[in-house]
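Descriptive structure summary
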Amino acid sequence: MVTLDTPIKIGNFTVKNRITFAPTVKFDFTDDSGLVTDKLVEHYKERALGGAGLICVEATAVLPGGRFGKNHMGLWSDEQIEGHKRITKACHDANAVVIIQLNHAGYVCNGDCGPHVGPSEIEIDSYAGKYTTHALTLDEVHEYQKAYVDAAVRAQKAGYDGIQLHGCHGYLINQFVSPTNNFRTDEYGGNAKNRARFASEIISSIRDLCGPDFLISVRTTGFDKTVEDAIEVAEEYVNAGCDYLQVSAGMTSFDEIDDFKDPQIDKFPSLGCRFKDHFKGRVPVSNVGGILTPERAKYFIENEYVDTVDLARAILADPDFPNAAITGGNYTKCFQCKACQYGPFTNHVCPAEMVRKKAEV
Ligand SMILES: Cc1cc2nc3c(=O)[nH]c(=O)nc-3n(C[C@H](O)[C@H](O)[C@H](O)COP(=O)(O)O)c2cc1C
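Each chain carries its own residue numbering, running from 1 in the direction its sequence is written. For this predicted model, a pLDDT threshold of at least 70 governs which residues receive local features, and a threshold of 80 or more governs which side-chain atom pairs are given and counted, while totals over whole chains, interfaces and linings are taken from all residues.

**Here we look at the overall build of the chain**
For clarity, the cut-off: Segments assigned H or I by DSSP are reported as helices when at least four residues long, segments assigned E as strands when at least two residues long, and all are numbered from the N terminus. Burial is judged by counting other C-beta atoms within 10 Å of a residue's own C-beta: 20 or more means buried, 12 or fewer means exposed, and anything between counts as partly exposed, with every C-beta placed from the backbone.
If you tally the helices and strands in the chain, you get 11 helices and 14 strands. Referenced to the eigenvectors of the C-alpha coordinate spread, the extents of the chain come out at roughly 55 × 45 × 40 Å. Buried positions account for 52% of the 361 residues belonging to the chain.

As C-alpha cells, then:
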C-alpha cells in the first residue's frame, strides 16, 4: 500500500514522502527590492526540517510589474539570485526537494507596481478599483513569456531543483487559459490548445534551456470553465515537458462542477483526484484544499486518489506537521481563522504559531 512516507519519483528526483508544502506568499517578509531576507530563509528552513518532501517556495514575481504589492519576493533580476541560494541550501540540507513558483499577476497586479496586462482588454471592477486592462500585443506576449523563462534560468542558478508555473487562481497564465477572460482571435486564444499556448511555450523554452533534469511543475487550474477543458489544457503542458501537475482552483465558481464520486471528498480537493484519474501513471498529480489533519492526508494517498498531497495552512500553522503525520506525533492544528489569509496590508497573526511558541517557553 502507498503510505505518506512512500518515496515518489517526480521528474528525475526522488521525493522522500508524499507531503508537499504549497506555495504561500509572505508579503511583509521582504520589501520593494524583492530580495530574500533572513526571515524568509528561516521560514523555509523550518518547513524543510519539519519533513515536507518537497517545498514549493511562494509566488515569486518574474517582473516587478507583476507583483501583488511592493513587498513581494522576486526573481526578475540577477541580483536576486544570491539570496535564493540560501533558501535552496537550507532545504537541501534537510533533504527536501525545492522548487519555486513563478508568477505574474496580470490583470490583477498591484497598479502601483505596473500596468494591468493580460490576454484581452476587459473592464475590472474590484476592491482595487475600476480599470480597463491592456491586451498584450503579440510582441508583448513573447516578452512576458521570456520573463518567466529568464526567471526559471535564474532559479536554476540559485540551486532550485525546478520551478512551478503559477497557472491557477486567476493570475496571468490562468487568464490566458480561461475562456471567460481570454477573447483573443490569434494563436493565443480560442480552443484549449491555443489558450494553453502561452504557458506551453514557456515550458518548452525552460526545458530547452534548463535541461532534462530540471523539474517543471504547473500549479494548474482544475476547472476553467469545465474540468474537461482544464484537463485538455494540462495535456498541452504535459506534451510540452511538464513533469508534475499540481491542481488547484481557477476562475470559475465551484457551483459549476458536479459533486465528486466519493461524497467524503469536497469539490476543491477533488480536482486533483479527477486529474489523477485522467493522467494516472503519466505524470504525478497532487491536490490541495482543506487537508488539515494526518487522517485527511492519508485518505487521499492510501486510496491512491492522488500521488502527493499539497498542504498550505497545515504547514504554516505547524512546520512539523509532515513529520508528525508520518510518525503519529503531536502537532498544532490550524485554527482555520484566516488570519494568515493574505494581503500586503493585513495583520498576519497565526494562533497556532502562538500556541507553539508558548509551549516552547
Ligand atoms: C497565507 C497564504 C498565502 C498563499 N499564497 C499562495 C501563493 O503564493 N501561491 C499559490 O498558488 N497559492 C497561494 N495560497 C493558496 C495555498 O497554496 C492553498 O492553495 C490554499 O491555502 C488551500 O490549501 P490549504 O487548505 O492547505 O490551506 C496561499 C494561501 C495562504 C493561506
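After that view, the rundown keeps rolling.
**Re helix α1 (residues 38-49)**
Our working definition: The span you would expect from a helix comes to 1.5 Å times its residue count less one. Placing C-beta atoms from the backbone, we regard two residues as in contact once those atoms come within 7 Å.
For α1, built from 12 residues, the straight-helix expectation of 16 Å at 1.5 Å per residue is met to within 8% by its first-to-last C-alpha distance of 16 Å. Among the residues making up α1, those that are buried are L40, V41, H43, Y44, K45, R47 and A48. Tucked into the core, α1 has its buried residues touching β3 (19-21), β4 (54-61), α2 (81-93) and α9 (313-317). Of the residues trailing α1, G51 is marked for its positive phi of about 110°.

**Here's the deal with the pairing of strand β13 (residues 285-288)**
Definition in use: Paired strands are those between which DSSP finds at least two bridges. Note on handedness: a crossover is taken as right-handed if, strands pointing away from the viewer, the path from the first strand over the helix to the second is clockwise.
Side-chain alternation along β13 places V285 and N287 on one buried face and S286 and V288 on a second face that is also buried. Where strand β12 (residues 244-248) lies against β13, 2 bridges are found, and the strand directions are parallel. Each bridged residue has a counterpart across the sheet, and for L245 the counterpart in β13 is V285. Between the parallel pair β12 and β13, the chain is carried across by helix α7 (residues 267-279), and the sense of this crossover is right-handed. Here β13 pairs with strand β14 (residues 308-311) via 3 bridges, running parallel. Its bridge partner being in β14, V288 is matched across the sheet by D310.

**Focus on the environment of V153**
Summarising the element assignment, V153 is placed in helix α3 (residues 138-157). Its 18 C-beta neighbours within 10 Å are what place V153 among the partly exposed residues. Put simply, V153 and C210 are 57 residues apart on the chain and 6.5 Å apart in space, counted from C-alpha to C-alpha. Other than its neighbours up to four places away in sequence, V153 contacts L209 and C210.

**Some remarks on the sheet that holds β4**
The condition that has to hold: Structural elements are reduced to axes, namely lines fitted to C-alpha atoms, with helices fitted over the stretch in contact, and the angle between N-to-C directions of any two is expressed from 0 to 180 degrees.
The strand order around the closed barrel built from 8 strands is β3-β4-β5-β10-β11-β12-β13-β14, with neighbouring strands paired in parallel fashion. Pairs of neighbouring strands in the sheet enclose a mean axial angle of 25°, with direction left out of account.

**Overview of the packing of α1 against α2**
A pair of packed helices is characterised by two quantities: the angle between their axes and the separation of those axes. Put simply, the rule is: Should an angle fall under 35 degrees it is called roughly parallel, over 145 degrees roughly antiparallel, and 65 to 115 degrees roughly perpendicular, with every other angle called oblique. Left-handed describes a crossing in which the near helix is turned anticlockwise from the far one by less than a right angle; the clockwise case is right-handed.
For the pair α1 and α2, the least separation of the axes is 8 Å and the interaxial angle reads 20°. Considered as vectors, α1 and α2 are oriented roughly parallel to each other. Read as a crossing pair, α1 and α2 show a hand that is right-handed. Of α2, the residues touching α1 (which contributes L40, V41, Y44, K45 and A48) are R86, I87, A90 and C91.

**A short note on the site of the ligand**
We apply this condition: Defining nearness, a residue is near a molecule or strand when the C-beta atom obtained from its backbone falls within 6 Å of it. Side-chain classes follow a simple rule in which Ala, Val, Leu, Ile, Met, Phe, Trp, Tyr, Cys and Pro form the nonpolar group, Asp, Glu, Lys and Arg form the charged group, and the remainder, Gly included, forms the polar group.
Near the ligand there are 22 residues, and of these A22, T24, A59, A312 and R313 occur at the shortest range. Elements represented by at least two residues in the shell around the ligand include exactly β4 and α9. Residue classes in the shell around the ligand are distributed as 11 nonpolar, 8 polar and 3 charged.

**What to know about α2**
Quick reminder of the rule: Throughout, the arc means the angular range of directions from the helix axis out to the C-beta atoms.
Between its terminal C-alpha atoms α2 stretches 18 Å, which fits the 18 Å expected from 13 residues at 1.5 Å a residue. Of the positions making up α2, those classed as buried are G83, H84, I87, T88, A90 and C91. The buried residues of α2 occupy one face: seen down the axis, they fall within an arc of 160°. Along α2, the residues that are exposed and aim more than 90 degrees away from the buried face are E82 and D93. Of the surrounding secondary structure, the elements contacted by the buried residues of α2 are α1, β4 and β5 (97-103). Once α2 finishes, N95 follows within two positions and takes phi at roughly 65°, a positive value.

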